Structures are given as C-alpha cells and as structure tokens.
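If you want the building blocks of each chain, they are given just below.
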Amino acid sequence: MSKLGVIKDILQVLRHIVRQVFSRPFTYFYPFEDREYPERTRGRHIHIRENCTACGQCVRACPVVAIRIDKSDRKYEKDAALYFDYSRCIFCGLCVDACRFDALYHTPVVDLSEGSRDELKYDPERIETIEREPLEWRGRRFR
Amino acid sequence: MKGGVLLQIDIFGWLNGILGWVSGVLSWVLGIVDAVLAFVWSVIIWVWDLAWANFFLLFKAIVFPGLVFILMLIIFDVWFTRKVWARVQDRRGPFHLGKYGGLQLFADAIKLVAKETIIPEGAKRWMFRFLPGFLLVVVLLPFVFIPWSSTWIIADLSVSLVLVFAFLTAVPVIALLTGWVSGSKYTLIGGFRAANNQFAAEIPLIVSSAGPALLAGSLSILNISQAQSQLWYVLILPISFVTFLVSGIASIGLVPLDAPVADSEVIFGWRTELPGIYFTMTYFAEFAKQVLYSALMVAFFFGGSYGVPTFPPVLNFFLKFLVVLFFFIVVTSSFYRIRQDQIVKYSWKYLMPLSVINIVIALIALVYVPGLAGLLVQGG
Amino acid sequence: MSPDIGDEAVEIWFGPQHVSAHGWAAKLTVVGDYIVECDPHAGYFHRSAEKVLEFRTFKQGGLVLERMCMLEAFLAEYPYISAVEQIAGMEIPERAKVLRTIMMEASRIHSLQFWWGQLSAELGLFAMTLWPWVDREFFLDTFEELTGSRHAASFSTPGGIRYDFTDKVRQKLLRAIGRLESNLPKFKDMLLRSPTFKMRTKDVGLFNAEDGIKWGLSGPNIKSCGIPMDLRKDWPDPNLAYDLADWEVPVYENPEHPGQSDAYDRMVQRFMEIETSVSIIKQLLDQIPDGPIVDPKARAKANRLPAGEAYGRVEGTRGITTVWLKTQDKAQTPWRAKIRGPCFASYYSLKHMVPGSTFADFVVVFGSLDPYPGWWDR
Amino acid sequence: MSDISPSDFAGSLIRSYPTVTIESKSGQSLMISVTPSMIRDVVQFIADNLPMALPESVFGVDLEDDNYELIYIFWSHPARLLCQIRVQLKGETPSIPTVSDIFPGLEWHERETHEMFGIEFEGHPDLRPLLLPDELVGKYPLRKRFKTDRSRLAESGLPIVKPRPRPKKEEGSGK
C-alpha cells in the first residue's frame, strides 16, 4: 500500500509542476516595466532649501555620517549647503524624522547606481532636484 | 708585348649558359609545381566525384540528421530547457536577445568561450585540455544511429543498439578521469560519483532497452523503430519506459539524480575546475545526452516515425521527440536530489527488477493474449 | 584527527567559496563518504556590531540590530528596543503594541518562507525555491507599503513605532496572507509528500532534546523535539500583544522517534509555525485599537537614559534572540550591548550533529537548522 | 517538571552554597553573584537541579581599571526561570575555570569572550580566536581601552585605509 502511495505522491508532484508550466509567469520586465512605488518609499532624498534652517538635526541623527552641512559655504541661502553621501546612506529615514522644518524628504527614486563612488556623493544642487535621464533601449524610452 | 693573355672563359657563352641554367631550374620547379597541382586537382576531382556519388550520404552526415542539425537541436534543447525551467519556477527565462531570447545561448557561448583558460596547478595539463573535447565527440557519435525516418538515418548497423551503449559507457570514465586530472578534492569526489551513477544506472538502462529489442527481434535501432507500425511498445512495456527514463536521467546526471554535479554539495562535481571553453563542451555534452535519450525513447517506445499518416515520417518523429523532451524536462525539474548511495540502492532494488518483470509479463502476454502477437512486426 | 582513523582521512574545506557556503566555512574530516569530524569556522561576516553599538545612540541602535538578520528585521531589532524601553521605563501606546506584534509575525512568516526556499535550493529543486519566494514578495510589498523599505524596515523605535497602519497596508497584508494560505497545500504536497524529500531528510541530523538544549539550541529546532519552549508564551512581554490572540505553541513530535528531531521534523515544525503566525495575525488585525502610535515624550526619554541594566528577549524565527544592555547615568550610548543570536548555537551544534552523517547530507543538516551567518558573526 | 519555583530553587541553592548572594529582580529572574572559584560548582548545581537549563550566553563587561564582570545566563523553560550568574574578575588577564564541559553550548561563548576581553578560561579545550582576524588576536577589542578612531588604527595592526575625499567645496565660497 505504501509503495502505491509513493506513486500517488509522485503523480501529485508532477501535476503541480505541469500546472505551473502553463501558468502566467510572475516576474515582469524589470527596467522596462515600471512598478508602483508606495508613498512612503524611502528612496533618495530631496532637500528643500527654502525651509532649511541649517540646524543640523539631520546630521546628528544620521547613524552613518552620510550628511554634512557646510556652514561656511556662503554661496547658498541661509548658509545651508547640504552634502549627501549615498555611498554611505542606509536609507533609515532618521534624518527625515529629525527634520522639524519640512526641509528633507524621501522620494520614490530608488535606482541610484552610478559608475563610480564619487558620483554617489551628491552636491547641494543635485540633492535639490530629481531630474533623471530616461532609460533608452532599442529606440524606445522608458520612464 | 706579344698580345695579351687569352681569356680562358668565354664570358658570353657563360652568360648564355646561365640563362639556360635558370630556364632549366625554372622548368624543373614549374614541373614540380605542376605535378603537385595536378595531384591536388586530381584529388579534388576524386573527392568531388566521390561526393557527387555519395552526395546523399554526405548531406545526411553533415546537414540534416547529421552535425548541423544535431548542433542546432542541442542549442534548441538548451533554450527549451531554460524556458521550461523558468516557467516551472515562475520566471520568464531568457527574453532579451532575439525573439523570445532565442539568441541568448549564442551570447552565453561567446561569453564562455572568451573567458580566460585557467588550468589549476595540480592538474595534468594535457589530459585536462583533451578530455572535454573527447567527451563531446563521444556523446555526438551515437547520433548516427538515430532513425529520424527509414531514409533519414546516417548509418544503420545490425548491432547499433549495442554500439550506442558502448559509446555511452565511455562517458563516466571520461568524467572520472577529468575529475582525477583536475587535481582538486571536489572534482575527484564528483568523478567518483559519476562513476557511481553509471554503476547504478547502466544495467537498468540496458535491460529496459532489451524489451523493445526482444519484441522487435533485432538489435538495430532502425528495425526496432520500424517494427512498431501496428503497436507502440509503450503500451506493452510501460514500466520499461519509466525505468528507461529514470535510469537515463541517472546516467546523464540531471536533477533528481544529479549527485555527480550537485552544486550545493560538491560545487560542480567533476566540472568544478573546468574553465570557459572546456566547461562549454561538457555543458553541451550534457544537453546532447538529453537529446539523445529523448530520441532513443521515441525510437524504442513511441513508434519511431509512425504517427499521423499524412505527415512526413521525420515530422512525426520530431513532434514525438518534442513531447518526450518536454516530459523529460518536467521530470527533471520536479524532484529533490537524492543521495548517491540511495541512487544505487533504488536502481538495483527497484529499477532493474521492474524492467525485467515487465519483459517477462510482456512475453507471457504475447503467448496467452490472443491477437496481441499479430500486432507485432518482426524486424530485420 | 583521532589516531585510529589513520591515512584514510581526508580534510575537506567546505567553504567559504563553496556555492552553498555563503559566508561560512567548515573543515570536514572525511573517511570514505562519512564525516568523522567537523570544525565550523565563524567570523567571515564579523562586523563588530557590539562595538559599533557602543557608538550609536539608542534611537540608532535598532538599525544595527536589524542588519544582523535582514530576513526578520522586525523581530531582530525588537530585543534592543525592548531593553531600552525597560531601562527608561517607558509606556507604549496600545496601538503600537498590537501593530508591532502583527508585523513581527509577518516578518517571521517571511523569514520562514525564505528559509524553506533556501533548503530546497540546497536540495536541488529550484522550483520550490522560487515559489515561496513569490509569496514572500507580497510580504515585502506590505513592508514597503508600511515602512517604505523592503528589507531594512526600522519599524520600532523606543516608545512606539515609526509608521502607522493604513488601509492599503492592511489590504496588502491580507492579500499576502490569503495567497500564502491558498498556496500552502501545494507547498505541503511538494515538500512533505515528495518521496525524494523524505528520502533526503528523514533520519538526517537527528539529535536528542536534552543534547540540543545543552548545545544552546532553541526555537523551532527544539520545538520539533516536542518541547513547547516558546518565549511568546513563557516570557510575557508587556510591550507586545501576544495575549490578545488565542493560540497554542506549535509543537511537532514525530511518533517514530519521540524526543528527537530530524530534518523532516524541523520542516513540519516550521510549517506549523507559519500556520500559527497566520492565525495570530488574523486575530490581531481585528483588534487594532485606535490611538497614537508613539508617545513623543517617551521617545524623547531615549535621548538620555539613566543607569541600568536590561535584558531584552524575543522569540525570533530561529530561536531565542536577546540583547543585554548596560547603560551609565545620562548616557547617550550603551556602555555594553551583548547580542545573543540564535544561530550562534545552531552553528556550534554542527560540531556535534554532523559527525556520522555522509558528506552529501552535510548541507541538509546545516540547512535544516535555519542558519543565518549574521547571527553568529554579528 | 515545572513544579520548581524560583524561590524554591533559590532556597536550595543558598542551602548548598551559603556564600552565594541571590537577588530576585522579578518573578521570573534571579541574579546570583558568586566568586570565580565557585563558578563550576554553581553551574553544576544548575545543570543538576534546574530542569532543561538552556545556556543562553556568557559574556564579559568591562568595568574599567582592569575590573571585569562575567555574566552567565541560563533559561529554564519548565520552571520559567532566568538565572544570571555574575562573577567579578580583576587583573590584567583574569582567569576563571571553564564550564564548557558541563554545558557544551557555552564553549564558543567562552572562546568569544576570551578573544574579545582577554579573559582566560582554564581547562577550555580550544581557545583559538573565533570571530576576529589574525591581526587583532591579543588586542581585545571590546575592552574600553581599545580605541577605534582612525588615529589609533595603526596600533590595531590593521592596514590603514585613508579616509575617502569629501566632495570639494564649490568655488567662490566665502572663506
């Protein structure tokens, strides 16, 4: 009886597999098909300089020392020159929590890969904008 | 001064002589070249004549059921396997290159071939370079006996069944040798496991292919496949088909029985140390064996080229081949890997008795079931 | 090498470059096909977390903890948070307690799904690797919807939680659980009924409950011996809401060998864990009270803690996970934080469990203990 | 099995070893302070009398000025009892008898404590470094004396990595 049971089990396993072959695949065409990012997605930050008071709470909250505020930098308004080092950032969101002046937010932009580490160090002007090059493939533009 | 010294050398004559000598040498050289060219030309003419005379055989050997077709079939098999596995695993498989990822394999092959050849320090260099290519040759040889139809077969021998298994017996030896000469502990373990697999699977494989041979009364694969015009042998030998499939999987070393190349246990078994091009050869050899066993199963159990009568026989064979290949891939992607001692235990405990019992039952049925014997056509 | 083995013994390094040894290595002494000695080596993932914690504030400490094991991020950060709350004497809002418990159980399901996929990959069936991972994807979507990050959630904070439940999170969580429940029979067929899976896992990696406890094993590894050792029941935590749900500690005891556990029993046990977690989540989802999710005053207390010691414990996916914390007065950072990962013990116990099994079974024994290198290397 | 209550267990421990001081933090946890020479006896007592004692961990705490505290933690599921055994140690490289033969699970915890704090465990079968790389053997990183900032990095014996250059300042900045 147990031997026949084994045959039944084998057929059951094969049934699941064959049914799987003719079902729709789960994956999607990653770079070309966009997925929906939730509102809270902790992607790269955006810095709103009008609100920033350069209080430095975000710098204090950061566990990996990825933020630097240069107060001697006179070029920018209110002395707030914010440098962001995305080669260190762990996207924990503590800086956004710490900011009381609504000057630092997460954006749903998560693909930050660059050719070199130095390009991941965002200067004050880059952290204020979210312009991205659209992806091109076979003459089509994506996102 | 009574005249000067006479010139001893007739300089003009000498110059003339040079001309003659040069023309002589030239004509001699030209004669040699001419003779060589004539010989080459005669060889070409001879080969050409021979080729024209045996054009059909050459075409078969090189183009249609032969080298080109088999290579394309193996490439298709790799693509098909990857696609089916991807579907089983809820993925899409290759899709970037070509239509439905059809060119992905060529890209992979180019990448693998372009890789640096690194030979381990402890390896025997000459054997290490020689064995993977030899393996591919040995695996490709049995394809000459695959009867795509009664005309589209490269060679038919009265003992081709024996010869196919004789070729395939060399495969684990090559695997063991490759593992041995690679100079690594993991490759050695993998090589011994390959030998162990063959030790387990060889006899059930041959015994279960003995059933069709007995029923057809012939050891020629062509005759066996031709003898099934009335009745496919899978109907009287269903257990033999299953044992052939399982022991075939064990002999190739595919997933449920892939102890020789179990990647989570022995990395890649006997193929661990093989670099780029050599790895590609062994990888191809594995899929070639998969194609070979699927074709053999069609020839042994599924009536060879018989099927829909309006279709050409080759198409019949090919469609059945695709179905069997699909079933083969599904089986190899649905079970967990079992241990090598379990492979031996279950092949000797279950596979071999089952295949023998099936033959005995079939022979008894032939004697006692009226009308069954009439359906069998005795081959050559 | 003991002297009676003689020349036949071969030493084989299993890892750290081995395919299935991701971040660990064991030196195996093999005679024939049998392992006679196993010497696990740790330290390939060592990130000196305990020293790092001494330089992180209490709000930042949870981030370090969740990086010990990304698969159970909600669970892994909790013992540290719990210890901080004990020292500060914080009161947690009711809503935060229930939401914490729900997400910890979701994290447990997610981690178990990852594990059984990994065990299947080690046993050569990649279909069963990716099917649970598809279901796991829905849990990751839930985590992303809730916290904004798929793995490193950093959900709890001293004094409450950082992100509130929304209707969308609830829908996504229900969808993930519904899909898991509809697929569980299929997975049970594929795993527990598969004859080749039984062949590979039955009587492999067998150990006694007494030995296991002496080696320090806990969690599902011990529960599969028939001992209901579960901190969720035994160690009632005032900051969690396990008492709101009605559930029993899942215990599987194989009648073939009572008091012992093999790889197959651990598999069954973990299926039962998933079912328990699902039922807890379903019950708690109906009982989420309204209210604040974090008390800002309590959270501000975590900036400077008084002197004290606390022992934060939680029943992780892999066993008892604890953090022992000592602070000095008006401290911004801990004086000493000791992390006790459950896999430290399971990795050590390989030394006793593996000898006698075959070389091919080593990965099965190892995989069935649900190892995660981050927990022993820290 | 679960008959034994924390007070019963504490009472029987006091009766056997009167020099031990026991302090009960809550209903479920006991704090036992012992001297280094008695540690094997007390742990043996726990192994014998506390049902299913799970050795959770052993770790050291640096109290500065060559004072160390060693904490052994045991958890008994049937008794629902958490025992913390505390030992005060003093000295440059303090030593204490090992308990890894009574509870094998503590073998690696003792190894780790040895390499992190330099506490010697007498009779331990295998005191090789567990987690640390070879360069840090004998440096005892979890001691408070061990500095981790870059200026002292040279002492640790690790290869010195230069800090990565910060993004340059924009031109025309004030100072």
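Scroll up to find the structure.
Cut-offs and rules
- Residues numbered from 1 in each chain as written.
- Chains lettered and ligands numbered in written order.
- Predicted model: local features only at pLDDT ≥ 70, side-chain atom pairs only at ≥ 80, totals over all residues.
- Heavy atoms only, no water.
- Helix = DSSP H or I, 4+ residues; strand = E, 2+ residues; numbered from the N terminus.
- Buried < 20%, exposed > 50% of the residue type's maximum accessible area, 1.4 Å probe, protein only.
- Contact = heavy atoms within 4.5 Å.
- Areas by Shrake-Rupley, 256 points an atom, 1.4 Å probe, with all protein chains shown as cover.
- Expected span 1.5 Å × (residues − 1).
- Buried area = accessible area lost by both parts, 1.4 Å probe.
- Salt bridge = Lys/Arg side-chain N within 4 Å of Asp/Glu carboxyl O.
- Polar contact = N/O pair within 3.5 Å; in protein donor to acceptor, adjacent residues only side chain to side chain.
- Nonpolar A, V, L, I, M, F, W, Y, C, P; charged D, E, K, R; others polar.
- Phe/Tyr/Trp six-rings, centres within 6.5 Å; stacked < 30°, edge-to-face > 60°.
- Lys NZ or Arg CZ within 6 Å of the ring centre and 35° of its normal.
- Disulfide = S-S within 2.5 Å.
- Axes fitted to C-alpha atoms, helices over the stretch in contact; angles between N-to-C directions.
- Parallel < 35°, antiparallel > 145°, perpendicular 65-115°, else oblique.
- Left-handed = near helix turned anticlockwise from the far one by under 90°.
- Pairing = 2+ DSSP bridges.
- 1 Å grid on protein atoms, 1.4 Å probe; cavity = no way out; pocket = protein on both sides within 12 Å on 5 of 7 lines; lining within 4 Å.
- Points joined across faces, edges and corners; volume = space filled by probe spheres on them.

(A) A look at the overall build of chain D. Regarding its fold elements, chain D presents four helices and seven strands. Helices (α) and strands (β) of chain D occur, in sequence order from the N terminus, as α-β-β-α-β-β-β-β-α-β-α. Taking all 175 residues of chain D together, the buried fraction comes to 50%. Taking the contacts inside chain D whose residues are at least 6 apart along the sequence as the reference set, 52% of them involve residues at least 24 apart. Counting every atom, chain D has about 8200 Å² of accessible surface; 51% of that belongs to carbon and sulfur.

(B) Representation of helix H13 (residues 313-332) of chain B in the model. For H13 of chain B, spanning 20 residues, the distance from its first C-alpha to its last is 28 Å, which sits close to the expected 28 Å at 1.5 Å a residue. Residues Val314, Asn316, Phe317, Lys320, Phe321, Val324, Leu325, Phe328, Ile329, Val330, Val331 and Thr332 of chain B constitute the buried set of H13 of chain B. In this structure, the buried side of H13 of chain B is in contact with helix H1 (2-21) of chain A together with helix H3 (67-88), helix H10 (238-252) and helix H12 (276-301) of chain B.

(C) Representation of the interface of chain C and chain D within the structure. Contact residues are listed per partner, giving 42 residues for chain C and 43 residues for chain D. Summed over both partners, the interface of chain C with chain D buries about 3700 Å², with 59% contributed by carbon and sulfur atoms. Scanning the region where chain C abuts chain D turns up eight salt bridges. Across the contact surface, chain C and chain D share 20 residue pairs in polar contact (both at pLDDT 80 or more). Ranked by the residues each element gives to the side of chain C that touches chain D, the list is headed by helix H14 (residues 342-353) of chain C, at five residues. In terms of residue class, the side of chain C that touches chain D is built from 20 nonpolar, seven polar and 15 charged.

(D) Here's a closer look at the packing of aromatic side chains. As enumerated under the stated definition, the model contains 65 aromatic pairs over all chains in all. Ring centres of phenylalanine 64 of chain B and phenylalanine 69 of chain B lie 4.8 Å apart, and the angle between their planes is 55°; this geometry places the pair in the tilted category. A residue is classified by how much of its surface remains accessible, and phenylalanine 64 of chain B, at 18% relative accessible area, is buried. It is lysine 233 of chain C that lies over the ring of tryptophan 247 of chain C; its NZ or CZ is 4.6 Å from the centre. Positioned above the aromatic ring of tryptophan 115 of chain C is the side chain of arginine 270 of chain C, whose terminal nitrogen or guanidinium carbon lies 4.4 Å from the ring centre.

(E) Seen up close, the pattern of salt bridges. Counted according to the given criterion, the structure contains 52 salt bridges over all chains. The partner of aspartate 141 of chain C in a salt bridge is arginine 150 of chain C, and the shortest N-O contact between them spans 3.4 Å. Two residues, arginine 86 of chain D and glutamate 309 of chain C, come together in a salt bridge whose shortest N-O distance is 2.2 Å. One end of the pair, arginine 86 of chain D, is in strand E5 (residues 81-90); the other, glutamate 309 of chain C, is in strand E8 (residues 308-315), on a second chain. We classify arginine 86 of chain D as buried; its relative accessible area is 8%. Glutamate 309 of chain C sits in the partly exposed class, given a relative accessible area of 27%. A single network of salt bridges, built from pairs that share partners, joins Glu105, Arg108, Lys223, Asp230, Arg232, Glu273 and Glu315 of chain C.

(F) Expanded view of the state of the cysteines. Residues and elements named next belong to chain A. Taken as a whole, this structure holds zero disulfides over all chains when the rule is applied. Here cysteine 52 stays unpaired: no disulfide links it, and the sulfur of cysteine 58, its closest cysteine neighbor, is 6.6 Å away. For the unlinked cysteine cysteine 95, the closest cysteine sulfur is that of cysteine 92, found at 6.1 Å.

(G) The arrangement of the interface of chain A and chain C in detail. If you look at the interface, chain A gives 26 residues, while chain C gives 35 residues. Of all residues in chain A, Phe26, Arg40 and Arg42 of chain A give up the largest surface area on contact with chain C, accounting jointly for 28% of the area buried on that side. On inspection of chain A and its partner chain C, the count reaches three salt bridges. Here arginine 162 of chain C makes a salt bridge to aspartate 97 of chain A, at a shortest N to O gap of 2.9 Å. Every element with two or more residues in the side of chain A that touches chain C is listed here: H1, helix H2 (57-61) and helix H3 (94-98) of chain A.

(H) Highlighting the packing of helix H5 (residues 94-122) of chain C against helix H12 (residues 263-285) of chain C. All names here are of chain C. Taken N-terminus to C-terminus, the directions of H5 and H12 make an angle of 155°; their axes are 9 Å apart at the nearest point. In this view, H5 runs roughly antiparallel relative to H12, as classed from their interaxial angle. In the crossing of H5 with H12, the sense of the turn from one axis to the other is left-handed. On H12, the residues touching Val98, Thr101, Ile102, Glu105, Ala106, Arg108, Ile109, Leu112, Trp115, Trp116 and Leu119 of H5 are Met267, Arg270, Phe271, Glu273, Ile274, Ser277, Val278, Ile280, Ile281, Leu284 and Leu285.

(I) Highlighting the sheet that holds strand E10 (residues 336-340) of chain C. All names here are of chain C. One open sheet holds the three strands; their spatial order is E8-E9-E10, and the pairing between them is antiparallel. Where the open sheet ends on each side, the last strands, each with one partner, are E8 and E10. The mean angle between the axes of side-by-side strands here comes to 10°, regardless of whether they run parallel or antiparallel. Alignment of strand E9 (residues 320-327) against E10, held across five bridges, turns out to be antiparallel. Residue pairing in the sheet places leucine 325 in a bridge with alanine 337 of E10.

(J) Highlighting the packing of H10 of chain B against H13 of chain B. All names here are of chain B. Axis separation between H10 and H13 bottoms out at 11 Å; the angle between their running directions is 65°. At the point where H10 passes H13, the crossing takes the right-handed sense. Side by side, H10 and H13 meet where Phe241, Leu245, Ile249 and Ile252 of the first sit next to Phe327, Phe328, Val331 and Thr332 of the second. Residue composition of the contact of H10 with H13, grouped by class: seven nonpolar, one polar and no charged.

(K) Spotlight on the arrangement of the chains. Most contacts, compared over the five pairs of chains touching, are made between chains C and D. With no contact between them, chain B and chain D keep their nearest C-alpha atoms 25 Å apart.

(L) Summary view of the layout of surface pockets. There is about 1300 Å³ of room inside the second largest pocket. Put simply, the parts of the chain that give the lining of the second largest pocket at least two residues each are H1 of chain A, H10, H13 and helix H14 (340-368) of chain B together with helix H8 (195-201) of chain C. Residue contributions to the lining of the second largest pocket peak at ten residues, all from H10 of chain B.

(M) View of the sheet that holds strand E3 (residues 34-41) of chain C. Residue and element names in this part refer to chain C. Strand order in this open sheet of three strands is E1-E2-E3, and the pairing throughout is antiparallel. For this open sheet the edge positions go to strand E1 (10-14) and E3, each flanked by a neighbour on one side alone. Adjacent strand axes in the sheet meet at a mean angle of 20° when their direction is disregarded. Note: E1 against strand E2 (residues 25-31), five bridges, orientation antiparallel. Each residue of the ladder has a partner; that of glutamate 11, found in E2, is threonine 29.

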